[in-house]
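Coordinate inspection notes
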Amino acid sequence: MSDHVFVCPPREPLLRALKDKNVVVDAASTKGVADAFGLAQRCGAAVRCVRARFAGLLAEIKPEAAWEGIPLALYVDGVGRFRDIAPRLPALRRLNLRVYVQASSANNLTGIRILSSLGLAAAAIIDRSADWGGCADLCTYALLGTAPHAPIDPFARLAENYHETGINRLTAALFEDPSAIFHVNENGPVARTAGELARSEFVAPSIERFLAAPPEPLDSALGLLAQNSSCAFCPALSVCLGIVADPANCPPGAKEFFADLLDAVEQSKDLNRRGRRTLWQT
Amino acid sequence: MPNVLFTQRCVRSCPYCFARKHMSDSSPDDIISWENVIYLADFLEAGGERVFSILGGEPTLHPDFVDMVLYLIERRFHVRVFTSGIMSESKLRDASAAFAALPQEALAFICNVNDPGRSEQSAAELPRVEAFLAEFGSRIAPGFNIYQTDFSLDFICHHINRFGLKRSIRLGLTHPIPGQQNLFISLKDIDLIIKRFFEHAPLLERLHIRPGMDCGFPLCRFTNEQIAWFMRYGGECRFGCGAVIDIGPDMSVWPCFPLSAFDKRSIFEFNSLAEMRTHYDGLTKKIRVEQGGIYLACDTCGLRRDGNCAGGCVAHALEAFRHEPNVRAQEVYA
C-alpha cells in the first residue's frame, strides 16, 4: 500500500479504483456520513475517516447513532453557546469525532478550547484569515496545558511528528499536504490541494494514471528558497511552507504565531523527553 | 477554597463592602474570559479542589454567566455562586431554564441579603431579590453580613420559610479594609454582636435554622454555653482566619478581600494551588508574629496556641499597623 492519502468523494468507481489505498471520504454533508463510510468499506478502501461539513454550529447538530464507530472529521461554522452544546455532549462523546472550526475568530478558538477541555478532539483550520494571536494562545494550551485535554490539531499532530531538521507541514492535519495527500475530483482527475482541485489544476487525469506514475513529492519550501523570497529567511518556513502565508504578503502576526508554535513544540518535546506526561506521578 | 471573581461590577453599594478596596483599584468593566475559566478549572482540578466558588462584583452580570456555570458543572465541579440575587428578569428566566434540570448538589447559591427595613436601597431591591429566591429557593443558602449591633435575623427567617431556602444562615462579621473607609464591627462591639445574635437563638431553634459563622469571630468572646448551643443547633463555626484566596478576572490573586492590597500577585507566578496557599499562609503568619490577634491577650492565649482560634481577623492588626511608626517587618506594610 502506498503512503498516499486520497481525499475522494463517495463515488463507487473512484473508491473501487482506490481499493486498499488510504482514503478520506469527502461526504458532502452530514446526511451522507454513514452511507459514504459503508460504500468506501464495500469498495475495499482503507478508510482513514469520513469528512463532512455541517452548515451551522456544532450546537445545532443532531448526532446520529449511525455515526458511532465511524472516524468522522466534522467541519462546522462554529461551536455555539455552551448551554446548547451541553445536552449533546454525551452523544458527541460516543463518536470517533474531531471537530474542525475556522481559526479566524476569537469565538471559534474559544470553542475549540472548550471542546478540548471536555475531551472532544478538535482542530483549528488555519489559513490566511486566522486570528494569529488567538492561535498562539491556543497552541500553548494545546501543547503545554498541564491538565488532561483532548488533542487540538494541527498543533498536536505537528508536535507528535516534528523533526528538527525536516519538513513539518502544519496543514497536513487539515488534509492539505501536496507531497502526501491528494484530492480527487468526482470525475477522477487528481490534484495536489483542494485549491488546485477547485481550479482544475490536476497532477493526473485519473486515479489509475496517478497510481501508475505517482508525481514527484512536491517540496514547495525548496521553491521558496530558490526564489530567495522573504520566506527563505523565516524560521517558520519548515512548518508554514508558504501555504499559510505567502512570500509576497505574509499576514501580520503570522510570523510571531509560528515562532510561538515552534517554541511550544520544542518545549513540549522537551517535557515529554523528561517524562512529564506520565499518567501516574508522585 | 478559592473564590473566582467573574465580574468586578456590583449592583449594590453596601456600606460595609469588603471588596471596596479591590473594586476601587480595578476596572469595573473587567470580566473573566473563557480562557481564564478553563485555566482556573484546570488549575483547581490539579490542586484537588472540587468546589468552584464564583464571586463578583455581581457574578450574574457576566454575559456568559449561565454558560460558564454549565461548563464548570460539566467539568464535575460543585459550583457555588455568591450573589446578591439581583438580576434582570431576562437573566433570571435564562438561568432558571438552564439550571432547572441540574442535580441539587451541582449548583448552590449563597445569596447575601440585606435587611430591607434598614435602608431604602435594600427595600427597593427587595422585589428582585424575592424573585430570585422564589426561583431557586432550595438551592439558596442565605448569607448575612453583620455591620450594625442592633441587627435582626427575622427577615431572613421569613425568607427561608416563604421561599423554601436551605435552613441555614451564613453569618459574616464585617471587618476593616486597611486604608479604606467602610462600616465594620469594632472590637469593642463584638460582645454586643454575640449578645444580639443569641437573642435570636430561641427562634432559630424553633425554626430548625442552623446558623454558621464565617471567618474572623474570636472564640474567647463566646461563653461555654454559647459554644455548646452552636454545637447542638448550629452549622459550621469557624474561629479561624487564613488565606481564602480570591482570584480576579485578570488572574490576579490575593489572600482575601480585606487583604486585597497585600501582596497581590498573578496566578501565573504559582505552579499549584498548594504553592499559592503556602505563600499566603506564610504572609498571614508573618502578620501574626507581629501581632497575635485582635486583642493584646491573643499573644499569650491558649485557645490560639492550641489552634482553636486564629485570634480574629488579621485585617484589624493591619489597620492598627497603619497608625503606628513603621517599625515592624516590612512585609506587613505591603
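Up top is the structure these notes are about.
The text that follows walks through the structure, step by step, so that each part is easy to find. (Residues numbered from 1 in each chain as written. Chains lettered and ligands numbered in written order. Predicted model: local features only at pLDDT ≥ 70, side-chain atom pairs only at ≥ 80, totals over all residues.)

Before going further, it helps to examine the overall build of chain B. Looking only at helices and strands, chain B has 12 helices and 10 strands in total. Taking 20 Å as the expected radius of gyration for a compact globule of 334 residues, we find that chain B reaches 20 Å, a close match to that expectation. The principal-axis extent of the C-alpha atoms belonging to chain B is close to 55 × 50 × 35 Å. A total of 334 residues make up chain B; the buried ones form 40% of that total. Residue pairs at least 24 apart in sequence account for 76% of intrachain contacts in chain B once pairs closer than 6 positions are excluded. (Helix = DSSP H or I, 4+ residues; strand = E, 2+ residues; numbered from the N terminus. Rg over C-alpha atoms; globule rule 2.2 N^0.38 Å. Buried ≥ 20, exposed ≤ 12 C-beta atoms within 10 Å, placed from the backbone. Contact = placed C-beta atoms within 7 Å.)

A tally of helices and strands in chain A yields 12 helices and 10 strands. A compact globule built from 282 residues would reach a C-alpha radius of gyration of about 19 Å, and chain A, at 19 Å, matches this within 12%. The buried share among the 282 residues of chain A stands at 44%. Counted over contacts in chain A with a minimum sequence separation of 6, partners at least 24 positions apart contribute 51%.

On to the nonpolar core. In terms of nonpolar packing, the biggest core is built from 178 residues, with Val23(A), Val25(A), Val50(A), Leu72(A), Val99(A), Ala124(A) and Cys135(A) touching the most fellow members. Aside from chain neighbours lying at most four places away, what touches Ala124(A) is Val101(A), Ala103(A), Leu109(A), Ile112(A), Cys135(A), Leu138(A) and Ile152(A). (Core = buried A, V, L, I, M, F, W, Y, C linked by C-beta atoms within 7 Å.)

What follows covers the interface of chain A and chain B. Each side of the interface is counted separately: chain A has 14 residues, and chain B has 12 residues. Every element with two or more residues in the side of chain A that touches chain B is listed here: helix H3 (82-85) and helix H5 (106-117) of chain A. Take the side of chain A that touches chain B: its biggest share by element is four residues, from H5(A). Partitioning the side of chain A that touches chain B into residue classes produces six nonpolar, four polar and four charged. (Nonpolar A, V, L, I, M, F, W, Y, C, P; charged D, E, K, R; others polar.)

All names here are of chain B. In terms of burial, strand S6 (residues 168-173) is a largely internal element, five of the six residues being buried. For strand S5 (residues 140-146) and S6, the ladder comprises four bridges, and the chain directions are parallel. The residue bridging Ile146 from the neighbouring strand is Leu173, located in S6. Following the chain from S5 across helix H6 (residues 154-163) to the adjacent parallel S6, one finds a crossover that is right-handed. (Pairing = 2+ DSSP bridges. Right-handed = clockwise from strand over helix to strand, strands pointing away.)

Interaxial distance between H5(A) and helix H2 (residues 34-46) of chain B falls to 10 Å at its minimum, and their mutual angle equals 20 degrees. Judged by the inter-axis angle, H5(A) sits roughly parallel to H2(B). Every pair of crossing elements has a handedness; the one defined by H5(A) and H2(B) is left-handed. Contacts from Thr110(A), Arg113(A), Ile114(A) and Ser117(A) of H5(A) reach H2(B) at Trp34(B), Glu35(B) and Ile38(B). (Axes fitted to C-alpha atoms, helices over the stretch in contact; angles between N-to-C directions. Parallel < 35°, antiparallel > 145°, perpendicular 65-115°, else oblique. Left-handed = near helix turned anticlockwise from the far one by under 90°.)

Our focus in this paragraph is the sheet that holds strand S3 (residues 78-83) of chain B. Overall, mixed pairing links the 10 strands, which are arranged S7-S6-S5-S4-S3-S2-S1-S8-S9-S10 (chain B) in an open sheet. The open sheet is flanked by strand S7 (210-213) and strand S10 (265-266) of chain B, the only strands paired with a single partner.

Bringing the environment of Ile86(B) into the picture now. Along the chain, Ile86(B) turns up in the loop between S3 and helix H4 (89-99). We classify Ile86(B) as buried; it has 21 C-beta atoms within 10 Å.

What follows is about the sheet that holds strand S3 (residues 46-57) of chain A. Residue and element names in this part refer to chain A. Here 10 strands make up an open sheet; going across it, the order is S7-S6-S5-S4-S3-S2-S1-S8-S9-S10 and the pairing mixed. What marks the edges here is a single partner per strand, and that holds for strand S7 (152-153) and strand S10 (202-204). Pairing between strand S8 (residues 181-184) and strand S9 (residues 190-191): two bridges, direction antiparallel. Paired with Val184 across the two strands is Val190, which belongs to S9. Strands in contact with helix H2 (residues 33-42) are strand S2 (22-26), S3 and strand S4 (71-78); relative to S3, the strand with the most contacts, it is inclined by about 165 degrees.

Residue and element names in this part refer to chain A. Burial within S2 is extensive, with four of its five residues counted as buried. Here strand S1 (residues 5-8) pairs with S2 via four bridges, running parallel. Of the residues in S2, the one forming a bridge with Val7 is Val24. By the bridge criterion, five bridges tie S2 to S3 in an arrangement that is parallel. By the bridge assignment for S3, Val25 is matched with Val50.

Before going further, it helps to spend a moment on unusual backbone geometry. With an omega of 5 degrees, the peptide bond between Asp153(A) and Pro154(A) qualifies as cis. In this fold, Pro154(A) is placed in the loop between S7 and helix H7 (155-160). Following Gly56(B), the chain continues into Gly57(B) via a peptide bond in cis, with omega recorded as 20 degrees. The residue Gly57(B) is located in the loop between strand S2 (51-55) and helix H3 (65-74) in this model. With a phi angle near 75 degrees, Met251(B) is a residue other than glycine that sits in the positive phi range. Residue position: Met251(B) is located in the loop between strand S8 (246-247) and strand S9 (252-254).

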